[in-house]
Amino acid sequence: MLLGIDVGGTFTDAVLIDGDVICSMAKSETTPDILGGILLSLDRLFSAEKLDKEIIDAEKMRITRVVISSTIVTNALVENKIDQVFLAVMAGPGMSTKGQFPVEPYLATGYIDHRGKVITAEAIDYDLVKKMATGKKVAAVSGKFSVRNQINEKALRGDLKKCNFLKIFSGSELSGELNFIRRTNSAYFSAAVYTKYADFIRQIKKSLNEREINAPVHILKADGGTLPLEASLEQPVEAVFTGPAASVLGIEALKPPSVNTISLDVGGTTTDIAFWEKGQPLMSPKGAVLAGFNTAVRAFHMRSLGLGGDSVIIRTKEGFVVGPERAGRAMALGGRAPTLSDAFITLGLVSFGEGRLAREAMKLYARGEETEKQVAHAVVEAAVKKIKRTIDEMVYQWGIQPVYTVNDIIAGNLFKPELLIGVGGAAPGLVKALGDYMHLPVEIPVGAMVANAIGAALAKPTLTATLRADTTENYYIIPEAGIKAKLPHYFNKQVAQELLTAWLQAAANKWQIIAPVAEIVAYEEFATIHDYISSGKIIYLKMQLQPGVLSHVIGREVAF
Amino acid sequence: MPNLGLVFFPAFDWMISPTHPERQERLLYTRDQLLEEGIFDLPQIREYRPRMASIKDLERVHIGIPSIAKLITPAHLVSAGGCLTAADAVMRGEVKCAFALVRPPGHHAMRVVYGIRGFCTINIEAVMVEYLRSKYGVKKIAIVDTDVHHGDGSQDIFYHDPDVLYISFHQDGRTLYPGTGFPNEAGSPAALGMNLNLPLLPGTGDEGIHRLFDGLIRPVLDEFNPEIIINSAGQDNHFSDPLASMNVTAQGYASLAAKLKADIAVLEGGYSVEAALPYVNTGIVLAMAGMDYSQVIEPDQTALHLQSTECNQRVDQLIDQVGQLWTDREILRKEAMSKCGRQWQRNKSIYYDEEGISENQRETAHYCENCSGYLTIETTAANTRFGDQNAYIVVFNRDTCSICRENAVALALKAKKTGKWDNILIQDKTKSIVANI
Ligand SMILES: [Zn+2]
Ligand SMILES: [Zn+2]
């Protein structure tokens, strides 16, 4: 049996899944200490059927894995409850890094070029470093092109040991991909949330222990894969944004769409939008954006739009504006200000609360002869148009991802949706209206109320690693593993694949992940030429244990 | 609005041959540098995916023999299409300027095309110019060609066009391919002074090209006051380029881009793929995006030399000589027009270095009082991919009047009657077609 726990901003959900059956679900309010909410959810989960202790204990014994999805890291960032970080970078020549990082970094000496050659060796001004590091518990280091050669970054890390940081994060170990700024920011945010995250992990372990659940615990990552708790301590930044990822996986588990689909998770405050092709959620061509900064965190191609059932409504000269502020509860539920939900209730698109109060809410905005329904229509139209603009921007962003070959161009990259799927409390109203507007069919899967926890419970473990080999320089590097070694005597794509698979397998074993076969997600091979003579090859290979769900489940609706 | 629209297309699956300078890997290190710097994430830059140009787009410029479609690869349609994407981005006001960082290049491709010459099959800037005219009605255009090689293709295509100012600085043709590009090649009588060639001494560096820009190119551009400035942004003036002998640095190129403020830049040559292109391109991109490029410095500067004093002397000489030509252009044009009467003719021997094709061409500009006239071209070529080829060609301009059209068609029919020509072709820019009659 699999246990999934989703610690959201408002609710903490838990589900227990056996095969394709959802055994039980529970919901409780998220508590400031996290722990309380989890414990309450667990207690509700196991007492739902009011079974006696023996049966409950037997059930707990059958749990093989627990997966937590949480917004805790995001919240820490949003509320600025993060640690001060000593950030040291080796930017070398190139674009100015001013304003690219959350803090002004210490600029260490050292430069690696695009072929991985050391142009300048690492060096620091220790007195200055000591001064800048005063009062900082954690550090992050990053160097341009360190994914091609980690020697400077490792040396810098070594030099900083003297400062006795609690933890030092290296950019090139967090991502093997090119993008110095994103890697640096990943390292920075990992450091910034580290102590908070470590504390969170302790809380989780403690609450599970207290409830005698001893199965291995994983955390859900933004890319929809899971990672064992201990492993995630090496990359806390990956645990950000897992809420939206969980909802995407939840949809995949409940009702994977077979056609090109847009899924919308409509909550009280936000709507999370994701794209699907051939039953798979699309991954973002770039990394996630955290607190306004680009990171190397792999994530789904998603947008979180400040628009939900509780969104405030304003009428301006140009028309209605919905969100991004939250008004509180709908007036139909006794709230004080008109919300988007009141408009849906007025139009009969959803049915909760008191219809009369919702209509009164709409009346507040009526001008002249306007009826409540006309007002509600205009409000919904404004909301739908706002979502459509975001969708259009997402289609554009998807369409411009880098294309390197003529074949890519001919293949094209236009995303054409054929279906809308809505989950979350306000989905029935909003997504149906959007479907009318976009002339697309709409599906609202059953069981969508706890989609996030279901997604977490069923998420597959993932690992990603890259290998780059340069046969002229006679070395290969796997940055995520910190490996740089001489090439074997005979080297080609297959050998590269074997080397990388071996490392992924070893890492999977270390973390006790039952690893499926790693798949190739990117491959490039170039002949290098010197003086019109072929001098060698550059091979780039990226492999991954693909994210996804372990099994599909049959949804069921429960009233909480 | 973002400052720069960037169309990046490295064509990793296109090459002339595996060890040719125009091979798959050419923009690999540039791609790596741009990605590693995080260029594509900058809010000042909006990325565009290149579209494919159509055969019609190409036929507004080129007459391919036997046909342009038979001579190109899909990669050519993408690199030309990338230029059109860049042009659209600027003309629609989505970005202030744009850079088509694409390959294959184009500035050695002439109006008549039999194959690849100087690594080029179609002239992607010229295709963009004609597109700007037919789609957006742009009239006055300046092209500043900063490639080390003389852009003989661009010169050929715009030689009769008084509304296109073509300025090229390059390593002196006596020391480098294609061997042309001297100040006396200044345009046909109707467009005299609109083709400004500035051959520099080998070894010229940042100092020389900036002296030339400040002393001549900037004032000429200011006076011409074009609606659009295009930069044929070749990068083989770089001190490490294996094909040429100049001394320009990434800083030299970037600060030139900052001064020039081109509306659209298009990559041309540049074959120091590891030591120069990653830095020059980063520098140009940052400069066009209005960002700080002062730290973009090549790590390896061992091949960089100070330019000799003769280099600046040549620059000063060009500023005088070509400056005078520019100042006197109206008078010179009148003189030349009255001297040649209703027709002006030139003979060309064109060699296609990649394919060993030799072409002989006679081009005649026919003048008219009511319009800009038309061209007739007689061309024969040996050793093409399709054997020996020839054609009699009539080219209508946008404003060619009905009388001229009748006269031209009569000439074409007369040529057909001789039985000498395998192809009788009429290019009509307003209809974007080349028709065989
Ligand atoms: Zn060139
Ligand atoms: Zn006429």
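Keep in mind the model is a prediction, meaning the values are calculated, not measured. (Residues numbered from 1 in each chain as written. Chains lettered and ligands numbered in written order. Predicted model: local features only at pLDDT ≥ 70, side-chain atom pairs only at ≥ 80, totals over all residues. Heavy atoms only, no water.)

**Some words on the packing of helix 8 (residues 250-260) of chain B against helix 9 (residues 277-288) of chain B**
Residues and elements named next belong to chain B.
Inference 1: The contact between helix 8 and helix 9 brings their axes to 8 Å, and the two run at 25°. Classified by the angle between their axes, helix 8 and helix 9 sit roughly parallel to one another. Both helix 8 and helix 9 take part in a crossing whose hand is right-handed. Residue-level contacts link A250, Y253, A254, A257 and A258 of helix 8 to Y279, V280, G283, I284 and A287 of helix 9. (Axes fitted to C-alpha atoms, helices over the stretch in contact; angles between N-to-C directions. Helix = DSSP H or I, 4+ residues; strand = E, 2+ residues; numbered from the N terminus. Parallel < 35°, antiparallel > 145°, perpendicular 65-115°, else oblique. Left-handed = near helix turned anticlockwise from the far one by under 90°. Contact = heavy atoms within 4.5 Å.)

**Observations concerning the nonpolar core**
Inference 1: Within the largest apolar cluster, 105 residues are counted, with the highest numbers of intra-cluster contacts made by F99, L165 and L212 of chain B.
Inference 2: Those residues within four positions of L212 of chain B in sequence are excluded, and the remaining contacts are F169, L198, L200, I217, V315, L318 and I319 of chain B.
Inference 3: Core analysis: the second largest hydrophobic core is formed by 50 residues, V403 and I409 of chain A together with V95 and I228 of chain B among them. (Core = buried A, V, L, I, M, F, W, Y, C linked by side-chain atoms within 4.5 Å. Buried < 20%, exposed > 50% of the residue type's maximum accessible area, 1.4 Å probe, protein only.)

**Quick look at the interface of chain A and chain B**
Inference 1: Contacts between the two partners involve 49 residues from chain A, matched on the other side by 45 residues from chain B.
Inference 2: In total, chain A and chain B occlude about 3,900 Å² of area from one another, counting both sides; carbon and sulfur atoms represent 55% of this.
Inference 3: Scanning the region where chain A abuts chain B turns up eight salt bridges.
Inference 4: For E47 of chain B, the salt bridge is made with K286 of chain A, and the minimal N-O distance between the two is 3.6 Å.
Inference 5: On inspection of chain A and its partner chain B, the count reaches 23 residue pairs in polar contact (both at pLDDT 80 or more). (Buried area = accessible area lost by both parts, 1.4 Å probe. Salt bridge = Lys/Arg side-chain N within 4 Å of Asp/Glu carboxyl O. Polar contact = N/O pair within 3.5 Å; in protein donor to acceptor, adjacent residues only side chain to side chain.)

**Focus on the pairing of strand 13 (residues 374-384) of chain B**
Residues and elements named next belong to chain B.
Inference 1: With eight of its 11 residues buried, strand 13 lies for the most part within the structure.
Inference 2: Two elements, strand 12 (residues 357-366) and strand 13, share nine bridges in a ladder whose sense is antiparallel. Directly across from S358, in strand 13, lies its bridge partner A382.
Inference 3: With nine bridges joining them, strand 13 and strand 14 (residues 387-396) adopt antiparallel strand pairing. Each residue of the ladder has a partner; that of L375, found in strand 14, is V395.
Inference 4: The hairpin formed by strand 13 and strand 14 contains two residues between the paired strands. (Pairing = 2+ DSSP bridges.)

**A look at the domain arrangement of chain A**
Inference 1: Looking at chain A, the domain boundaries give domain 1 (85-192), domain 2 (303-447) and domain 3 (464-545).
Inference 2: On a C-alpha basis, the centres of domain 1 of chain A and domain 2 of chain A stand 43 Å from each other. (Domains from an automatic or database assignment.)

**Describing empty space enclosed by the protein**
Inference 1: Applying the stated rule across the entire model yields three cavities of 30 Å³ or more.
Inference 2: Of the pockets and cavities examined, the largest cavity occupies roughly 50 Å³.
Inference 3: Lining the largest cavity, in full, are I400, Q401, P402, V403 and Y404 of chain A together with F8, F40, E47, Y48, R49 and P50 of chain B.
Inference 4: Split by residue class, the lining of the largest cavity holds eight nonpolar, one polar and two charged.
Inference 5: Around the second largest cavity, the lining residues are T146, N231, Y253, L256, A257, L260 and I284 of chain B.
Inference 6: With four residues, helix 8 of chain B is the single largest residue contributor to the lining of the second largest cavity.
Inference 7: For the lining of the second largest cavity, the class distribution of residues is five nonpolar, two polar and no charged. (1 Å grid on protein atoms, 1.4 Å probe; cavity = no way out; pocket = protein on both sides within 12 Å on 5 of 7 lines; lining within 4 Å. Points joined across faces, edges and corners; volume = space filled by probe spheres on them. Nonpolar A, V, L, I, M, F, W, Y, C, P; charged D, E, K, R; others polar.)

**Some points on the packing of aromatic side chains**
Inference 1: Within the structure shown, the criterion is met by 19 aromatic pairs over all chains.
Inference 2: When the centroid spacing of 5.7 Å and the interplanar angle of 85° are considered together, the rings of F320 of chain A and Y365 of chain A count as edge-to-face. Of this pair, F320 of chain A sits in strand 20 (residues 319-326) while Y365 of chain A sits in the loop between helix 11 (355-363) and helix 12 (372-399), placing them 45 residues apart in sequence.
Inference 3: Here the aromatic rings of Y131 of chain B and Y136 of chain B are separated by 6.1 Å at their centres, their planes lie at 85°, and the arrangement is edge-to-face.
Inference 4: The partly exposed category is assigned to Y136 of chain B, whose relative accessible area is 26%.
Inference 5: Put simply, the rings of Y404 and F526 of chain A together with F8, F12 and F40 of chain B touch in pairs and so form one group of aromatic residues.
Inference 6: The aromatic ring of F46 of chain A is capped on one face by K60 of chain A, whose charged end is 5.1 Å from the ring centroid.
Inference 7: The ring of Y126 of chain A has K162 of chain A sitting right over it, with the charged end atom 4.4 Å from the ring centre. (Phe/Tyr/Trp six-rings, centres within 6.5 Å; stacked < 30°, edge-to-face > 60°. Lys NZ or Arg CZ within 6 Å of the ring centre and 35° of its normal.)

**Looking at the coordination of the zinc ion (ligand 2)**
Residue and element names in this part refer to chain B.
Inference 1: Looking at the zinc ion (ligand 2), one finds its protein donor set to be C368 (SG), C371 (SG), C401 (SG) and C404 (SG), positioned 2.2 to 2.3 Å from the metal centre.
Inference 2: Here the zinc ion (ligand 2) binds four donor atoms, and the angle range of 100 to 122° at the metal identifies the geometry as tetrahedral.
Inference 3: Positions of the donor residues of the zinc ion (ligand 2), expressed as sequence spacing, correspond to C-x2-C-x29-C-x2-C. Within this pair, whereas C371 is found in the loop between strand 12 and strand 13, its partner C401 is found in the loop between strand 14 and helix 12 (402-418), the two being separated by 30 residues in sequence. Here C371 matches C401 in class, with each residue buried. (Donors = N, O, S within 2.8 Å, 3.2 Å for Na, K, Ca; no water. Tetrahedral: all angles 85-135°; square planar, octahedral: opposite > 155°, others 65-115°.)

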